[in-house]
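Coordinates in review
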Amino acid sequence: MMADQRLARDLTDQGFDAENYVSKLSEEGEMPLLEMKQKVHILSEKTALELKKNVYKNYSQFIETAREISILEGEMYQVSHMLTEQKTLMNTMLEMSLVSDKAIVEEIPKEKEVENPEEETRRNLAFLLEKVEGCSSVTEVPGRQLIHNGDLAELDLETFVQVHRVHMFLLNDSLMIATWLPNRRGPVRYRFQGLYELDNLAIVNIRDAGPVKNAFKVLMFPDSKIYQADSAKSKRQWLDILEDTKKKKLARDKQKRESVVRLNEQQVTPTQNVEESSNPFDERAEEISSDIAMDTEYLNVDWLQELPEDLDMCIAQRDFVGAVDLVERVNEYLKECQKTPAVKEFRARIDHRIKLLTEGLMSELQVSPERSLRGGPRAARRAVAQLIRLGRSAQACELFLKNRSAIIIYNNRQLKFEGATSLYIRCLCGVFFTSLSETGREFHKAFPEHFGCFSAFIVWTKTEMESFISIFKRHVFDSKSNLPTIAECVSIASKHCDELAAGGLDVGFYLDATISENLERVIIEERDNIIEGIKYRSQDDLWRPMNHGTETECLKFAEELASVGLDVKDSIYNVCFISLTINTAQFCKACIVMAQSLLLIHKIEREALITDTLVQIFKAQVKHLESSVKNEKFKTDLKFILKNSQYILEVLMAKIEQMYKLQNVIFPHQLVTVNGEYRRLKSIVANMAK
Amino acid sequence: MSKAKAQQPAVIHKVIMVGSGGVGKSALTLQFMYDEFVEDYEPTKADSYRKKVVLDGEEVQIDILDTAGQEDYAAIRDNYFRSGEGFLCVFSITEQESFQATAEFREQILRVKNDDNIPFLLVGNKADLEDKRQVTQDEAHQRALSWNVAYVETSAKTRANVDKVFYDLMREIRSRKMRASQQNNGQKKKKKTNKRKCVIL
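Residues numbered from 1 in each chain as written. Chains lettered and ligands numbered in written order. Predicted model: local features only at pLDDT ≥ 70, side-chain atom pairs only at ≥ 80, totals over all residues. Heavy atoms only, no water.

1. Notes on the layout of surface pockets
To keep things clear, this is the line we draw: Computed over the protein atoms alone on a 1 Å grid, cavities are sets of points where a 1.4 Å probe fits but cannot get out and pockets are open sets with protein on both sides within 12 Å along at least five of seven lines; a residue lines them when it has an atom within 4 Å of a point. Grid points are joined across faces, edges and corners, and a volume is the space filled by probe spheres set on the points. Here a strand is any run of E in DSSP of at least two residues, a helix any run of H or I of at least four, and the numbering for each starts at the N terminus. Residues are grouped as follows: Ala, Val, Leu, Ile, Met, Phe, Trp, Tyr, Cys and Pro are nonpolar; Asp, Glu, Lys and Arg are charged; all remaining types, including Gly, are polar.
In this structure, the second largest pocket encloses a volume near 1,200 Å³. Listed by contribution, the elements that provide at least two residues to the lining of the second largest pocket are β6 (201–208) and α6 (232–274) of chain A together with α2 (25–34), β2 (46–55), β3 (58–67) and α3 (74–82) of chain B. For the lining of the second largest pocket, the element with the highest residue contribution is α6(A), accounting for eight residues. Class assignment for the residues of the lining of the second largest pocket results in 19 nonpolar, 10 polar and 18 charged.

Shown next, in the form of structure tokens:
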């Protein structure tokens, strides 16, 4: 075994030399060789076996892995399923929480639970409304659904002669009969005849009535009717479904009653504990009976009875304020009322209309391409105010802001991009920030005291700012404008932000944070350009005064410099000469423009960069001045160089200091130090003269 | 016969079968209607039958409502009872409980119809099963007497007294109706008397 392992190790050794090994072996004659052959043979056999084993092992491992993977896959599937479930749950919760800020909507979540699975049947009932004349009250009961319907013939009770054709609608709690309209108009095909509670309905199968086949009787006190189906099968179906529905309703009612009893018991127990002496059951019963008596009376008020129709009218006439007034009145009225079935029924009728009203109001705020936005914020405010009164402030807020967004987009589209960037930006800022502040004002007016909505406004503002800034960036930075333009644009926007901040809405920090990177890059680029220019011009600076040839040319040049704020009048001599080099003039001009731009966008956060930029530019120029002073070539021009130096370091610097002062910015000491460079140059010159 | 009116005799007597489940209301009805006895039991929901019969020489229609003994909704039972003019209150002589139940039915009928003299027959069915009798003739007669109604024992199986109970009840209904129409002096009465002229005379 040991030998085998050694052999294997030897053979697999990295430095194994086959020839060397064999020659070493063969030195000792035939026996070791044969022995060796045997050993190798055994080793190869063992290896083959091991290989087989390993393959098998690998294979089983592979199977295991595959199994693991499939389990994992199943788990992933489960997880994704759970996530979707969670998501729908979240959505429903979100929907519920959206309607959370008034007591009126307390019942809505409960209602929703019932509603959702019945959405379809609800639509069925809506279809009913269209087909049957005068059945609107039928569709107003929540949870009511259509089970079965069909054409039947109504027969005379005594003679079995057909009276008329009817259409029977079996709902889950009642039976509706509608008569066939002989001359139908539009989609209306039947006229509502009666709605009968299933509880009091007795169905009798007419087994045999002589010649009349497929008939059954419906006993609804005080009258009873006979209906004839067109086939035995259809009659059987009717009877079975009627029976089934009745049973289901019975079971449902029983459940409801039991839960009510249980609830009552729960309510009764604590009172029992408190006042043990009196018998709470008696009191309870009295209370309930008097309640019932009270609320039938309660509901029998004229205006209340007419309220649903009045509401319908208000909604139809788009008199939303009137409708909401009515809703508030009824809410106030019903608030004191116990929640008895009669009240609940009435409540349901009202709720249905509140829903319609809400939808109407929402569509008022909805942004649609065909509707003009020119209604403006005032129109929106009216709808918003009503929605808030209905307790839908969250939706109102959302729609209101959406509306505002649409207005901003619309206004932005109206702007044409023409000519100078800064002009466009000025207009854009004007439009955008005006709408922003207007929205803020409107929001204040529309949602007074609804502080929960203000966070929505802030979020909205941020999104709007984002889109504004993206437009801004595209026009200002991506168009490769020069620094003065960019600085102007930024300063326009900043100024607007400051105005908003004065009104209480601070968005400037956001603007600044999002554009500062671009802005700094532009500043640095511009600085490098100027320094590059200085270096380039210093190479061929011959230190000659400018000669403009004629007086007018000379004055024109002076005028040009004056336009950027540089006074060179004192340096004019011999009519057309200026005692400054062209290089100095150009430097001054570039410097002034740069300083102007930088000061325009001056901010504490950028102070270091701005100071540094100016210092570096000056240093580059000073370097040129210094090397010129030290240069043998310009020995005779020393006085002239000094004069230029003085202009740059004292006149120009003073001018910049003045600009700082005008902007109310403290002149940084780094620049003061640069100012001192002139004295240094002067001393250098003095030393050289010695 | 060719006219619609002539096709159906004008007078319809509405009979209602009441009683506990399984006492043989349907069996009695079917025996009366078709002269046949149905052995296998299937609970009835609510079936109605109509048949032309000759009652004391007059052609009338009998409308039988065979109610469900198991109907557990009192409100619906009320509705059935409202539509009836006469009642056959059936119990099984082999089942004491069904006899006891007749009192409840009677009470409910009187309450619904609000009439102590409503045509009513107490019917003891399954008289062929004498060996299994649990309700004596005596106690049944006594109860009938206290209600001031007739008591008849029937067998749906042997057809004993089947026709009698229906015809007896119809006669009662008819005499009730006549009394009612005599009391009434409205137009309705004239119409009815016209139709039934021969009978009255």
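Picking up after the structure, the text goes on.
2. Observations concerning the confidence of the model for chain A
To keep things clear, this is the line we draw: Scored between 0 and 100, pLDDT is the confidence that the predictor attaches to each residue. The contact definition used throughout considers only heavy atoms, calling two residues in contact when any of these lie within 4.5 Å.
In the predicted model, chain A carries a mean pLDDT of 79, and the fraction of residues at 70 or more is 85%. Confidence drops under pLDDT 50 across residues 269–291 of chain A; counting only partners more than four residues distant or on other chains, this segment forms 11 contacts.

3. Let's talk about the side chain of Thr581(A)
Secondary-structure assignment places Thr581(A) in the loop between β11 (577–578) and α18 (582–600). Aside from chain neighbours lying at most four places away, what touches Thr581(A) is Asp541(A), Trp543(A), Arg544(A), Met546(A), Phe640(A) and Asn644(A).

4. Structural notes on the nonpolar core
Defined as follows: For our purposes a nonpolar core is just a set of buried Ala, Val, Leu, Ile, Met, Phe, Trp, Tyr and Cys residues, chained together by side-chain atoms within 4.5 Å. When accessible area is computed with a 1.4 Å probe and restricted to protein chains, residues below 20% of their type maximum are described as buried, those above 50% as exposed, and intermediate ones as partly exposed.
The biggest cluster of nonpolar side chains holds 127 residues, and the ones touching the most others in it are Phe433(A), Phe447(A), Phe472(A), Phe618(A) and Leu652(A). Ranked by the residues each element gives to this core, the list is headed by helix α20 (residues 638–662) of chain A, at 12 residues. The residues contacting Phe472(A), other than those within four sequence positions of it, are Ile425(A), Phe477(A), Cys489(A), Val490(A), Ala493(A) and Ile515(A). Of all hydrophobic cores here, the second largest spans 29 residues; its members include Leu219(A), Ile93(B), Ala101(B) and Ala144(B).

5. Some thoughts on the pattern of salt bridges
All names here are of chain B. To be explicit about the condition: By convention in these notes, a salt bridge is any Lys or Arg side-chain nitrogen within 4 Å of a carboxyl oxygen on Asp or Glu.
Scanning the model with the defined rule gives 32 salt bridges over all chains in all. Arg174 is the salt-bridge partner of Asp56, the closest N and O atoms lying 2.8 Å from each other. Residue Asp56 is found in the loop between β2 and β3, and its partner Arg174 is found in helix α6 (residues 162–183); the two are separated by 118 residues along the sequence. The salt bridge involving Arg176 is made with Asp115; its shortest N-O contact spans 2.2 Å. Separated by 61 residues along the polypeptide, Arg176 in helix α6 and Asp115 in the loop between α4 (96–113) and β5 (120–125) bring together distant segments of the chain. For Arg176, a relative accessible area of 26% corresponds to the partly exposed category.

6. A closer look at the environment of Leu326(A)
Residue and element names in this part refer to chain A. With respect to the helices and strands, Leu326 occurs in helix α9 (residues 320–335). With relative accessibility at 16%, the residue Leu326 sits in the buried group. Sequence separation of Leu326 and Asp310 is 16 residues, and the distance between their C-alpha atoms is 8.3 Å. Here Leu326 is in contact with Leu307, Asp310, Leu311 and Cys314, once residues within four sequence places are set aside.

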